[in-house]
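Observations on the model geometry
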Amino acid sequence: MTVPALAQRRGVREAGTAPSAHRWRQDLTGWAFAAPFVILFGIFLAFPILASFALSFTSFGLRDLQNPIGTNFVALDNYARVLADTRFWSALFNTAYFVMVGVPLTLAIGLLIATALNRGITRFRTAFRVGYYLPVITSIVAIAVVWRFLLNPEEGLLNMLLAGIGVRGPSWLGDPTFAMPSIIAMAVWRNLGFAMVVFLAGLQAIPSELYEAGSIDGTSRWQAFRYITIPMLRPTILFMVVITTIGYLQLFEEPFVMTDGGPLDKTLSVTMYMYQQAFRFFHQGYASAIAYILFVIVAIVAFLQFKFLRSDV
Amino acid sequence: MRAAARSMPRVATRGKPGQRAAVWIYVLLVGGLLLMVGPFLWMVLGSIKPEADFLKSPPTFWPSQPTTDNFGRLFDQLDFPRYFFNSSLIAFIVTAGNLIFCPMLGYALAKLRWRGKGLVMAVVLATLMVPAGVTLIPNFILMSNLGLVNTYPGLILPFLAGPFGVFLMRQFMLGVPNELLEAARIDGANEFRIFWTVVMPLATPVLATLGILTFLGNWNSFIYPLVMAQEPNMYTLPVALATFATGQYQADHGMLMAGSVILVLPVLIVFILFQRWITEGIATTGLKG
């Protein structure tokens, strides 16, 4: 903190020791600016986060909708049942599979494209950037609808192209083995543009002197990438790992539109299972416990990633 | 950004082996670009294909006879103009709300002194990471009891004040020089005047980024309107498309492709007009669109 700032701070503290109309006016102005946001935020975001926690200890169901206070307290019953629920475990396994394969692929391809755009080429940069970014801003629902047809075993473009080279493609979304990899491929395709844009900004912030020094020392392209680019990009990579993981843990739209969680629950995600419990079976208490377990998983994963990826420098 | 690009080492592209490398980079990038754009092309072509084209074996890539029938059916048999209106109305109001409420709080957090500031900031930033599923069920119960399920307020209110916007605006406000605000205060302007006449005009580029990202995010949002819009008259475009794609029209290729085009086209136009705001705004703030 700079000296004037400290002085200013001390000044305020002195003013605060005596009851002062000025201080009250400052508080009032601050809260006047904050009030519209804080009220909306409090009612529709902060309160629901707490309410969801409370709901997870109740047997809240359809008949409690008109009288939420009258629902029954069941202590940890929902959590115990969730942890014994085989469908929950397969949803968790599928979500973990999606994250652990999807996140590294998305970031690796995003970094590859960003590196290619940053070095080597000088023309059509904007066209490439726009093209790769396009799916990121497009509705997942629209993309999922289009990809469902692309992957259609009889009428889809992919199997049509495969037939052209004499390969008979499988029923991508109907086959328990291929369904999740197909959804991962689609998610990577949709999100790599976001990674590309963020990595591109990170790459352009690396001082070119580092590469010049490297080339004087005779480093190869790969060595420059490995020993200059990657270490310099570490904060950006950490940020992208955390953001992408948090997003991917909440997988929902893709299986909702493309597979409805099938075949054989192989693409059922945690959020989708929560949605089914809450709005198909109307077990809101049970679903809230699932939502909170996901919340805790997101928090733990983000914390661990910060801890381990950062200390790795 | 451009200056940085120009100063990048060109060593690699100068020599002959380097030139070969550049050719490979172009091949890689163009190949990748085809994969990125391909599904969009397939969507647009599909939307103007007559039904017969989908039944052919093997299927055709180009439409045998381009037609607007698919779009016609969206408007005649289904109520797509209504869904389009719902999506637009909700996205516009939500964007307007965020463009007013987020900078106000951002300014108070960055430039004003008031008791409770630290707490408000900590709570708002802590919710950045909360999964959307966590607030979904209580909001549904709340809206049911307020009688707001299947209404515009029910679809709009929870999104008028988003924590991302506060984070973004606060970061920007911190960079506004204090001298500028002091000068205005000495001239006798109160904080609201300073905010409207000094700070907001300076913030135009950040507001543009926030506005575009909020609009796109809301236009594409799905799980919340899926729960809250229970009757077709309140469907947004993504909810309508997903409902028809998983329901009685699931085999109607042409119509679903046309519906996807209607959902994607406005976003495409916004993106092409403002792509610089979006990609640079995201690169500097790390915000997700």
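Numbers given to residues run from 1 along each chain, matching the order in which its sequence is written. Starting at A for chains and at 1 for ligands, labels are handed out in the order in which the entities are written. Residue-level local features of this predicted model are given only where pLDDT is at least 70; pairs of side-chain atoms are given and counted only at 80 or more, and the full residue set underlies all totals for whole chains, interfaces and linings.

**Points about the overall build of chain A**
Put simply, DSSP H or I for four residues or longer makes a helix, DSSP E for two residues or longer makes a strand, and each gets a number counted from the N terminus. Assigned secondary structure in chain A consists of 13 helices and 0 strands. The secondary structure elements of chain A, listed N-terminal to C-terminal, are α-α-α-α-α-α-α-α-α-α-α-α-α. For 313 residues, the compact-globule formula gives about 20 Å, and the C-alpha radius of gyration of chain A, at 26 Å, lies well above that figure. Considering only C-alpha atoms, chain A reaches an extent of 85 × 70 × 35 Å along its principal axes. Taking all 313 residues of chain A together, the buried fraction comes to 43%. We call two residues in contact when their backbone-placed C-beta atoms lie within 7 Å. Residue pairs in contact within chain A that sit at least 24 positions apart in sequence constitute 69% of those at least 6 positions apart. All radius of gyration figures rest on C-alpha atoms, and the globule criterion is 2.2 Å times the number of residues raised to 0.38. Burial is judged by counting the other C-beta atoms within 10 Å of a residue's own C-beta: 20 or more makes it buried, 12 or fewer makes it exposed, and any count in between marks it as partly exposed, with every C-beta position built from the backbone.

**Remarks on unusual backbone geometry**
The phi torsion at Asp260(A) lies on the positive side, around 55 degrees, for a residue other than glycine. Residue placement: Asp260(A) occurs in the loop between α11 (253-258) and α12 (270-279). The partly exposed category is assigned to Asp260(A), around which 13 C-beta atoms lie within 10 Å. A positive phi angle, near 65 degrees, is found at Asn150(B), a position not held by glycine. Within the secondary structure, Asn150(B) sits in the loop between α8 (132-146) and α9 (152-156). Taking the C-beta count within 10 Å as the criterion, Asn150(B) has 16 such neighbours and is therefore assigned partly exposed.

**Focus: the nonpolar core**
A set of buried residues drawn from Ala, Val, Leu, Ile, Met, Phe, Trp, Tyr and Cys, joined through C-beta atoms within 7 Å, is what defines a nonpolar core. Residues Phe37(A), Ile290(A), Leu105(B) and Leu241(B) are the most contacted members of the largest nonpolar core, which totals 164 residues. Per-element accounting of this core gives the leading share, 18 residues, to helix α8 (residues 179-204) of chain A. Those residues in contact with Ile290(A) that sit more than four places away from it in its chain are Val82(A), Phe88(A), Val270(A), Tyr273(A), Met274(A) and Gln277(A).

**Focus on the interface of chain A and chain B**
In this complex, chain A contributes 88 residues to the contact, which on the side of chain B involves 87 residues. It is helix α2 (residues 21-55) of chain A that provides the largest number of residues to the side of chain A that touches chain B, a total of 20 residues. Three classes are used, and their members are as follows: Ala, Val, Leu, Ile, Met, Phe, Trp, Tyr, Cys and Pro are nonpolar, Asp, Glu, Lys and Arg are charged, and the others, Gly among them, are polar. When grouped by side-chain class, the residues that make up the side of chain A that touches chain B number 64 nonpolar, 16 polar and 8 charged.

**Description of the domain arrangement of chain B**
All names here are of chain B. Domain start and stop positions are those given by an automatic or database domain assignment. As assigned here, chain B comprises domain 1 (2-47) and domain 2 (72-285). Listed by partner, the interface residues are 4 residues for domain 1 and 6 residues for domain 2. Counted by class, the side of domain 1 that touches domain 2 contains 2 nonpolar, 2 polar and no charged residues.

**Focus: the confidence of the model for chain B**
Residues and elements named next belong to chain B. Confidence scores labelled pLDDT are given residue by residue by the predictor and lie between 0 and 100. Within chain B, residue pLDDT values average 84, and 88% of them lie at 70 or more. Here residues 1-16 is a poorly scored stretch, pLDDT under 50, and it has 22 contacts once near neighbours within four places are set aside; other chains count. This prediction of the complex comes with two scores: 0.85 for pTM and 0.84 for ipTM.

**A look at the environment of Pro103(B)**
All names here are of chain B. Its location among the elements puts Pro103 in helix α6 (residues 80-111). On the basis of neighbour count, Pro103 is assigned to the buried category, with 26 C-beta atoms found within 10 Å. C-alpha separation for the pair Pro103 and Gly118, spaced 15 residues apart in sequence, amounts to 17 Å. Apart from residues lying up to four places away in sequence, Pro103 is in contact with Met169, Met200, Ala203 and Leu207.

**Quick word on α2(A)**
Residues lying three or four places apart along an α-helix face the same way, a consequence of the helix completing one turn every 3.6 residues. Residue and element names in this part refer to chain A. Expected helix span is given by 1.5 Å per residue-to-residue step, counting one fewer step than there are residues. For α2, which comprises 35 residues, the first-to-last C-alpha distance of 44 Å sits more than 12% below the rise-based estimate of 51 Å (1.5 Å per residue). Along α2, the sharpest kink reaches roughly 50 degrees, centred on Gly42. Buried residues of α2: Gly30, Phe33, Ala34, Phe37, Val38, Phe41, Leu45, Pro48, Ser52 and Leu55, and no others. Working definition for bend: take the seven residues up to and ending at a residue and the seven starting at it, fit an axis to each, and measure the angle between the axes.

**Notes on the packing of helix α4 (residues 86-118) of chain A against α8(A)**
Residues and elements named next belong to chain A. Note on geometry: axes are lines fitted to C-alpha atoms, helical ones only across the stretch in contact, with angles between N-to-C directions running from 0 to 180 degrees. Running from N to C, α4 and α8 cross one another at 40 degrees; their axes reach a closest spacing of 6 Å. With respect to α8, the element α4 is oriented oblique. Both α4 and α8 take part in a crossing whose hand is right-handed. The residue makeup of the contact of α4 with α8, split by class, is 21 nonpolar, 8 polar and no charged. Orientation labels follow simple angle bins: below 35 degrees gives roughly parallel, above 145 gives roughly antiparallel, 65 to 115 gives roughly perpendicular, and whatever is left gives oblique. Crossing handedness is defined as follows: a turn of the near helix away from the far one that is anticlockwise and smaller than a right angle gives a left-handed crossing, while the clockwise case is right-handed.

**Details of the confidence of the model for chain A**
All names here are of chain A. Summarising the model, chain A shows a mean pLDDT of 85, and 92% of its residues fall at 70 or more. The secondary structure element of chain A with the lowest average pLDDT is helix α1 (residues 3-17), at 47, and the one with the highest is α4, at 94. Overall, residues 1-7 carries pLDDT values under 50, and its contacts beyond four positions in sequence, including any with other chains, amount to 1 contact. Taken as a whole, residues 9-17 scores under 50 in pLDDT and shows 5 contacts with residues more than four places along the chain or in a different chain.

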